[in-house]
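Secondary and tertiary structure notes
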Amino acid sequence: MALRFALLLAAVSFVTFALVSASPIDPVQANVGQTAYLTMSPERRAALAERWGAGAGLLERYGAWLADALRGDFGMSLRYNAPVVTVVAERLAASAVLLAAAWLISGVLGFALGVVAGVCRGSRADALICGWCYLLAATPTFWLGMLALMVFAVYLGWFPVGFAAPIGAGADISLATRLHHAALPALVLSLTGVANVALHTREKACEVMESDYVRFARSRGERPWSIVVRHGLRNLALPALTLECAQVSEIIGGSVLVEQVFSYPGLGQAAVTAGLGGDAPLLVGIALATAAVVFAGNLVANVLYGVIDPRMREGAAHVGA
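Computed from a prediction, not measured in an experiment: that's the story for all the values here. (Residues numbered from 1 in each chain as written. Predicted model: local features only at pLDDT ≥ 70, side-chain atom pairs only at ≥ 80, totals over all residues. Heavy atoms only, no water.)

**A closer look at the overall build of the protein chain**
This is how it is decided: The numbering of helices and of strands both runs from the N terminus, where a helix is a DSSP run of H or I of at least 4 residues and a strand a run of E of at least 2. Burial classes follow relative accessibility: with a 1.4 Å probe on protein chains only, a residue under 20% of its type's maximum area counts as buried, one over 50% as exposed, and anything between as partly exposed. By the convention used here, residues are in contact when the closest approach between their heavy atoms is within 4.5 Å.
Summing up its helical and strand segments, the protein chain has 15 helices and zero strands in all. Counting all 321 residues of the protein chain, 40% fall into the buried class. When contacts within the protein chain are restricted to residue pairs at least 6 apart in sequence, those whose partners lie at least 24 apart make up 74%.

The structure is reproduced here in structure tokens:
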């Protein structure tokens, strides 16, 4: 497991460096500004390019970064003029509430809608849920975010227009204020994963309701919802959990667009800033952090499998023996 994780991080870091090297963005010009760059002497430009490694080849830059990273030094961010570890830790802490809330809401809401649609197959509720899921799946995240911003923040005034805290506020901000600022972005981000979980759970619920043991329970006079609660939830929870854990990467990817729309200072907004500035060290740091989160999500899913279905624990023990 540890070796697989190390290989994953190595592959992610190299691919990120390769993509930054293939980008036409000049990190010197992007970070010092167009006006300052034009007024610089050629010697000053060359000195900055050497300091930031803009003129070095891919393998040379990656080798130097890897040697420092193995000692715990992930470099300095060109955009934020701070250590990459510090920037990533601060931005990840800001995004943690947003990502966790979106992940939980999408899983719970998608699972509940999928169960209702599957049990009520062919009904009006089933048609409404499926239609809503198809609409969500076809709606771009950034458009959904702008629509929610205009309706709930501008017209109704229920939520702040953006940012993670009021403008000009100090460090002593209450938790309620932070949650109020993160609520609307989290709700928008959660909708990106509801459709997949709901539609997948619906199909599994239809299979469960047509199974032999459900037919036997019906013949004994049990009601449909009683059958679902007593016999079906465990069979439905495992595939829904599998899909929900697999969607961690999609939620992280969607946070880039959502944080841009809401000007939320999280990891996604930092990734956009680093990409526009050719900030390779920061981009690699963000890529490694997100890869670690996705890997941890899959690991948690494997642990929860045994909790939900003890037969998987017994099977794994049998294979290990």
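**Thoughts on a nonpolar patch on the surface**
Threshold: Two distance rules govern patches: like charges are joined within 9 Å, and nonpolar side chains (Val, Leu, Ile, Met, Phe, Trp, Tyr) within 5 Å, applied only to residues with over 30% relative accessible area and no salt bridge. Here the open area of atoms and residues is found with the Shrake-Rupley method and a 1.4 Å probe, where only the protein chains shown may cover a residue. Every case where a carboxyl oxygen of Asp or Glu lies within 4 Å of a side-chain nitrogen of Lys or Arg is listed as a salt bridge.
Among the surface-exposed residues, F142, W143, M146, L147, M150, V154, Y155, L156, W158, V161 and L257 lie close enough to one another that they form a single nonpolar patch of about 1100 Å² accessible area. Per-element accounting of the nonpolar patch gives the leading share, seven residues, to helix α8 (residues 141–155). Inspection of the secondary structure assignment puts L156 in the loop between α8 and α9 (175–209).

**Regarding the state of the cysteines**
Selection rule: What counts as a disulfide here is a pair of cysteine sulfur atoms lying within 2.5 Å.
Applying the stated rule across the entire model yields zero disulfides. No disulfide involves C130; its nearest neighbouring cysteine sulfur is the one of C133, lying 6.5 Å away.

**Digging into the packing of helix α12 (residues 248–261) against helix α13 (residues 267–276)**
Between two packed helices, what matters for the description is the angle formed by their axes and the separation of those axes. How we decide: Axis geometry follows a simple rule: fit a line to the C-alpha atoms, using only the stretch in contact for helices, then measure angles between N-to-C directions, giving values from 0 to 180 degrees. Throughout, the term roughly parallel applies to angles under 35 degrees, roughly antiparallel to angles over 145, roughly perpendicular to angles from 65 to 115, and oblique to all others. Under the grouping applied here, Gly and all other residues not named as nonpolar or charged are polar, the nonpolar ones being Ala, Val, Leu, Ile, Met, Phe, Trp, Tyr, Cys and Pro and the charged ones Asp, Glu, Lys and Arg.
At a minimum axis distance of 7 Å, the contact between α12 and α13 shows a crossing angle of 90°. Our classification of the angle between α12 and α13 gives roughly perpendicular. Residue-level inspection shows S255, V256, E259 and Q260 of α12 in contact with α13, the latter providing L267, G268, Q269 and V272. Looking at side-chain class alone, the contact of α12 with α13 contains three nonpolar, four polar and one charged residues.

**Focus: the nonpolar core**
What counts here: To define a nonpolar core, start from buried Ala, Val, Leu, Ile, Met, Phe, Trp, Tyr and Cys residues and group those joined through side-chain atoms within 4.5 Å.
Core analysis: the biggest nonpolar cluster contains 29 residues, and L136, V188, L189 and F262 have the highest contact counts within it. Going through the elements one at a time, α6 (84–119), α7 (124–138), α8, α9 and α12 are the ones with two or more residues in this core. For this core, the leading source of residues is α9, giving nine residues. Counting residues in hydrophobic clusters, the runner-up holds 23 residues, among them V87, L283, V284 and A291.

**Topic: the confidence of the model for the protein chain**
To keep it simple, the criterion reads: How sure the predictor is of each residue is captured by pLDDT, a score from 0 to 100.
On average, residues of the protein chain score 81 in pLDDT, and 87% of them reach the 70 mark or higher. This model gives residues 316–321 a pLDDT under 50, and the stretch forms zero contacts once residues within four places in sequence are excluded.

**Focus on α12**
Working note: α-helix, 3.6 residues per turn, so residues spaced by three or four point in the same direction. The following threshold applies: A helix is expected to span 1.5 Å for every residue after the first. Bend is computed residue by residue as the angle between axes fitted to the seven residues ending at the residue and the seven residues starting at it.
With 14 residues, α12 should cover 20 Å at 1.5 Å per step; its first-to-last C-alpha distance of 20 Å lies within 8% of that length. The largest bend in α12 comes to about 30°, at S255. Buried residues of α12: V248, I251, I252, G254, S255, V258, E259 and V261, and no others. Where α12 terminates, the next one or two residues include S263, which has phi positive at roughly 50°.

**Topic: the pattern of salt bridges**
Under the criterion given, the structure shown has three salt bridges. In this structure, D126 and R202 form a salt bridge, with 2.7 Å as the shortest nitrogen-oxygen distance. Placement of the pair is D126 in helix α7 and R202 in helix α9, with a sequence separation of 76 residues. Accessibility assignment for this pair places D126 and R202 in one class, buried. Between R202 and E203 there is a salt bridge, with the nearest N and O atoms lying 2.9 Å from each other. When its relative accessible area of 13% is taken as the criterion, R202 is described as buried. Residues joined in a network through salt bridges with shared partners are D126, R202 and E203.

**Some remarks on the side chain of E244**
Definition in use: His is not counted, nor are the chain ends, whereas Lys and Arg count as positive and Asp and Glu as negative.
Inspection of the secondary structure assignment puts E244 in helix α11 (residues 224–246). Buried charged residue E244 carries no salt bridge. Nearest counter-charge: K204, at 16 Å. In this structure, E244 is in contact with W103, S106, G107 and V197, ignoring residues within four places of it in sequence.

**Details of unusual backbone geometry**
Phi is mostly negative for residues that are not glycine, and the peptide bonds are mostly trans. Notably, N81 is not glycine yet its phi reads approximately 50°, a positive angle. Residue classification places N81 among the exposed residues on the basis of a relative accessible area of 60%. Positioned with a positive phi, S263 is a non-glycine residue whose angle comes to about 50°. Along the chain, S263 turns up in the loop between α12 and α13. Overall, the relative accessible area of 28% leaves S263 in the partly exposed class.

**Focus: the side chain of S106**
You can see S106 is positioned in helix α6. Taking the relative accessible area as the measure of exposure, S106 reaches 0% and is therefore buried. The residues touching S106, leaving out its near neighbours within four places in the chain, are S190, G193, V194, V197, E244 and I251.

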